[in-house]
Amino acid sequence: PELLGDQAQQTSASRGPRGRRTSLARTWVKSKMRGKSLAPVAAPPRSAEEDAGAAAEMVSSKTWLSEAALWVEWIHVGNCVAVTECSVVVVDVRRMPGVLESHRGIRAIAAGYCALFHERVVSAKPPYLEYPTDLRVPMTDYCDMVVSMPREVQVAIGLQALEKVLAAGVPQPAHRAMESLEDEINDAKSVLVVTGDGDVL
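Reference entry: report on the structure contained in this document.

Parameters at a glance
- Residues numbered from 1 in each chain as written.
- Predicted model: local features only at pLDDT ≥ 70, side-chain atom pairs only at ≥ 80, totals over all residues.
- Heavy atoms only, no water.
- Helix = DSSP H or I, 4+ residues; strand = E, 2+ residues; numbered from the N terminus.
- Buried < 20%, exposed > 50% of the residue type's maximum accessible area, 1.4 Å probe, protein only.
- Contact = heavy atoms within 4.5 Å.
- Areas by Shrake-Rupley, 256 points an atom, 1.4 Å probe, with all protein chains shown as cover.
- Axes fitted to C-alpha atoms, helices over the stretch in contact; angles between N-to-C directions.
- Parallel < 35°, antiparallel > 145°, perpendicular 65-115°, else oblique.
- Left-handed = near helix turned anticlockwise from the far one by under 90°.
- Phe/Tyr/Trp six-rings, centres within 6.5 Å; stacked < 30°, edge-to-face > 60°.

Some thoughts on the overall build of the protein
Argument step 1. Counting its regular elements, the protein contains 8 helices and 5 strands.
Argument step 2. Taken from the N to the C terminus, the helices and strands of the protein come in the order β-β-α-α-β-α-β-β-α-α-α-α-α.
Argument step 3. Buried positions account for 38% of the 201 residues belonging to the protein.
Argument step 4. A separation threshold of at least 6 residues defines the contact pool for the protein, and within that pool the share at least 24 residues apart is 77%.
Argument step 5. Of the roughly 11,800 Å² that the protein leaves accessible, carbon and sulfur atoms contribute 53%.

Some thoughts on unusual backbone geometry
Argument step 1. Cis rather than trans, the peptide bond between P126 and P127 has omega equal to 10 degrees.
Argument step 2. Following the sequence through the fold, P127 ends up in the loop between α5 (104-123) and α6 (142-146).
Argument step 3. Phi is positive for K62, close to 60 degrees, though the residue is something other than glycine.
Argument step 4. Inspection of the secondary structure puts K62 in the loop between β3 (56-59) and α3 (68-71).
Argument step 5. Assessed through its relative accessible area of 46%, K62 is described here as partly exposed.
Argument step 6. Positive phi, close to 65 degrees, is recorded for M139, a residue that is not glycine.
Argument step 7. Position of M139 relative to the elements: it lies in the loop between α5 and α6.

Quick word on the packing of helix α7 (residues 151-167) against helix α8 (residues 175-186)
Argument step 1. Running from amino to carboxyl end, α7 crosses α8 at an angle of 160 degrees, the nearest separation of the two axes being 9 Å. Taken together, α7 and α8 sit at an angle that is classed as roughly antiparallel. Both α7 and α8 take part in a crossing whose hand is left-handed. For the pair α7 and α8, contact is made by R151, V155, G158, L159, L162, V165 and L166 and by M178, L181, E182, I185 and N186, respectively.

Concerning the packing of aromatic side chains
Argument step 1. A complete count under the given rule lists 3 aromatic pairs for this structure.
Argument step 2. Judged by centre distance (6.2 Å) and plane angle (40 degrees), the ring pair of Y113 and Y142 falls under tilted. Here Y113, found in helix α5, pairs with Y142, found in helix α6; they are 29 residues apart in sequence, far enough to count as distant.
Argument step 3. A relative accessible area of 29% means that Y142 is categorised as partly exposed.
Argument step 4. Three or more aromatic residues joined by ring pairs form one cluster here, namely W71, Y113, F117 and Y142.

Section: the environment of G198
Argument step 1. Secondary-structure assignment places G198 in the segment after α8.
Argument step 2. Counting along the chain gives 37 residues from G198 to A161, while the straight-line C-alpha distance between them is 9.6 Å.

Written out as structure tokens, the structure reads:
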């Protein structure tokens with residue numbers, strides 16, 4: 001799901017005052033990660049002068065704010081202020097594990113995504129990467145994440161993406177190519193994903 005509605009325009013200081021903690025239902029996450037513990041994650045301490053000088057950044061529609069709070073115990077590192085009328089879709093992090101438990105296929109994908117996302121949050125630090133913020137976490141583009149997931153998760157994601165292609169209608173001459181693509185997905189030779197914009201890559 002996308003976090004912001006079509007008319008959203010918001011600003012956020014990328015690393016402003018902090019202190020509001022969003023907790024995650026960690027029991028579910030830990031069980032899916034075979035007992036691995038998730039550490040709280042936050043950007044390093046900044047001085048009052050650095051916070052005051054943090055530049056505001058416009059946030060466009062269909063953009064996540066604080067996605068990290070879904071996957072790790074997160075301390076917010078900025079403020080968000082609406083500058084126009086907007087719609088915001090909120091994902092209830094406390095209810096999400098229970099919802100995922102009733103959808104086994106999506107649960108497996110979410111668990112694999114969660115483990116990778118956590119690894120990338122804790123490894124995001126200079127000199128090679130920027131610290132994570134409420135607006136972005138380096139190296140967490142969905143397509144890049146999928147190619148790093150376990151084979152069975154890649155296959156599940158690929159077959160769902162292929163279903164979307166077939167549902168849109170495929171000309172008769174392309175049916176053989178679709179069958180070959182399905183074989184390649186099942187053999188983990190090709191990865192197919194649906195992007196946040198609904199495109200299939």
